[in-house]
Amino acid sequence: LAQILDAAKVLRPEGIRRPGLREKIAGAKAQFKEANRAICEDSRFPMTPQRILKDVKEVLPEDTLIFTDVGWNKNGVAQQYDITVPGTIHHPSGLATMGFGSAALLGAKLAAPHKVVVTLIGDGGFGTNPSVIATAVEQDIPVIWIVMNNSAFGTIAGLENANFGTRFGTVFQTPDGNSYSPDWAAIARGYGIEAVRIESADQFAGALRTAVESGRPYLLDVPMENIAVPTPGCWNINDIYKPSEYVSQGKLIKKKDGRYVIPKHGDSHK
């Protein structure tokens, strides 16, 4: 981003003024936040992901280093979590490397031992890489795992259902149809760290505060509703998986070899 800014200053050293645009953006943000207020303050259980983010924001120090993983915890944080200190939020970005969050915070804590370091990670992502807890025990690295547990690969479940009408392999259930998830708190205690499975929305903030004050590796297993991230504006992950709609709208052309290309308009490139 810094390099892009430098290049932009070379191209347009005088800058570009768009009167009213900043105010329009600020107004849209305020409207979105206000529309989200009720679900952020909702006390139902399993918790709403918006309530989890609200409590995290209120409890953690402002300069906490937060690592996300893949899914709601990444997209929701990027969209709805107010970042006030540069360099405090770290995402795996578009590579979508599940399990990134559970390991990355260990290195961050070693690099910044005086800061609180936390990962917000889904149960799917955490399940791909829980063994890093052993490293935290062996090397005495006091970090906090917050497992946002919706018993699903939530984002993938939504895409699969939208395109194929099924959630096969993405919503975790027992053979009789009951929601299923490993007891991640029990597993974490098995590794030798302190851990709590949250049992009510009002318990979470206090448990997180205890984890921060403990100064030890700590895991919070937080049952969460599988609520889709709202997609206002132009960003919608479902669009990636619906090329047929773009063909019907004239935005894509399907070639004989099966490739999709963008049609030329004047001097635009494929």
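*Asks:* Explanation requested: the environment of Ile-156 in the structure shown.
*Replies:* As for its placement among the helices and strands, Ile-156 is situated in helix α8 (residues 154–164). The spacing of Ile-156 and Gly-71 is 85 residues in sequence and 8.2 Å in space, taken between C-alpha atoms.

*Asks:* Would you take a moment to explain helix α5 (residues 100–111) for this structure?
*Replies:* Residues that lie three or four places apart on an α-helix share one face, since the helix turns once every 3.6 residues. Over its 12 residues, α5 extends 17 Å from the first C-alpha to the last, a length consistent with the 16 Å expected when each residue adds 1.5 Å. Among all positions in α5, only Gly-101, Ser-102, Leu-105, Leu-106, Ala-108 and Lys-109 are buried. Lining the buried residues of α5 we find β1 (65–68), β3 (117–122), α6 (123–127), α7 (132–139) and β4 (144–149).

*Asks:* Where do I start with the sheet that holds β3 in this structure?
*Replies:* Backbone hydrogen bonds are what pair the strands of a sheet, in a parallel or an antiparallel way. Strand order in the open sheet formed by six strands is β2-β1-β3-β4-β6-β5, with parallel pairing between adjacent strands. Each of the sheet's edge strands pairs with one partner strand only, and the pair in question is β2 (89–90) and β5 (194–197). In terms of strand pairing, β1 meets β3 through four bridges, oriented parallel. Each residue of the ladder has a partner; that of Leu-65, found in β3, is Val-117. Each of β4, β5 and β6 (218–223) touches helix α9 (residues 184–191); the most contacted strand, β5, lies at about 170° to it. In the packing of helix α10 (residues 201–214) onto the sheet, contacts are made with β4, β5 and β6, and the angle to β6 comes to roughly 170°.

*Asks:* Just to check I follow, could you spell out the packing of helix α2 (residues 21–40) against helix α3 (residues 49–59) for this structure?
*Replies:* Two quantities define a packed helix pair, namely the angle between the axes and the distance from one axis to the other. The geometry of α2 relative to α3 is characterised by a closest axis approach of 8 Å and an angle of 95° between their N-to-C directions. The orientation of α2 relative to α3 falls into the category roughly perpendicular. Touching Asn-36, Ile-39 and Cys-40 of α2 are Gln-50, Arg-51 and Lys-54, all from α3. In terms of residue class, the contact of α2 with α3 is made up of two nonpolar, two polar and two charged.

*Asks:* Please explain unusual backbone geometry as it appears in this structure.
*Replies:* What you tend to see is this: most non-glycine residues have negative phi, and most peptide bonds are trans. Omega for the bond connecting Phe-45 with Pro-46 falls within 30 degrees of zero, at 0°, which places this linkage in the cis form. Inspection of the secondary structure assignment puts Pro-46 in the loop between α2 and α3. In the Ramachandran plot, Asp-140 falls in the positive-phi region, its phi being about 50° despite a non-glycine side chain. You can see Asp-140 is positioned in the loop between α7 and β4.

*Asks:* Sorry, what's going on with the nonpolar core here?
*Replies:* The nonpolar side chains of a soluble globular protein tend to be buried, and buried together. Membership of the largest hydrophobic core comes to 29 residues, with the highest contact counts inside it found for Val-56, Ile-146, Phe-204 and Leu-208. Of all the secondary structure elements, the ones that give two or more residues to this core are α3, α4 (72–80), β3, β4, α10 and β6. Of all the elements, α10 adds the most residues to this core, at six residues. Not counting residues within four places of it along the chain, the set of residues in contact with Phe-204 comprises Met-47, Ile-52, Asp-55, Val-56, Ile-146, Ile-198, Leu-220 and Val-222. Ranked by size, the runner-up nonpolar core spans 22 residues in total, among them Leu-65, Leu-106, Ile-133 and Leu-219.

Definitions and limits used
For every chain, the first residue of the written sequence is number 1, and numbering continues from 1 onward in sequence order. In keeping with the predicted nature of the model, local features appear solely for residues at pLDDT of at least 70, side-chain atom pairs appear and are counted solely at 80 or more, and the whole-chain, interface and lining totals rest on all residues. Side-chain descriptors were evaluated using all non-hydrogen atoms of the structure, hydrogens and water having been removed beforehand. To qualify as a helix, a DSSP run of H or I must reach at least 4 residues; to qualify as a strand, a run of E must reach at least 2; elements of each kind are numbered from the N terminus. In this scheme, a helix's expected span is set at 1.5 Å multiplied by one less than its residue total. Only protein chains enter the area calculation, which uses a 1.4 Å probe; residues under 20% of their type maximum are buried, those over 50% are exposed, and those in between are partly exposed. Here, residues are in contact when the closest pair of their heavy atoms is within 4.5 Å. Criterion used throughout: strands pair if DSSP finds at least two bridges between them. Comment: axis = line fitted to C-alpha atoms, over the contacting stretch for helices; angle = value between 0 and 180 degrees taken between N-to-C directions. Convention used here: angles under 35 degrees read as roughly parallel, angles over 145 as roughly antiparallel, angles from 65 to 115 as roughly perpendicular, and any remaining angle as oblique. Residues were grouped as follows: Ala, Val, Leu, Ile, Met, Phe, Trp, Tyr, Cys and Pro as nonpolar; Asp, Glu, Lys and Arg as charged; and all remaining residues, including Gly, as polar. Definition used in this section: a nonpolar core is a set of buried Ala, Val, Leu, Ile, Met, Phe, Trp, Tyr and Cys residues joined via side-chain atoms within 4.5 Å.

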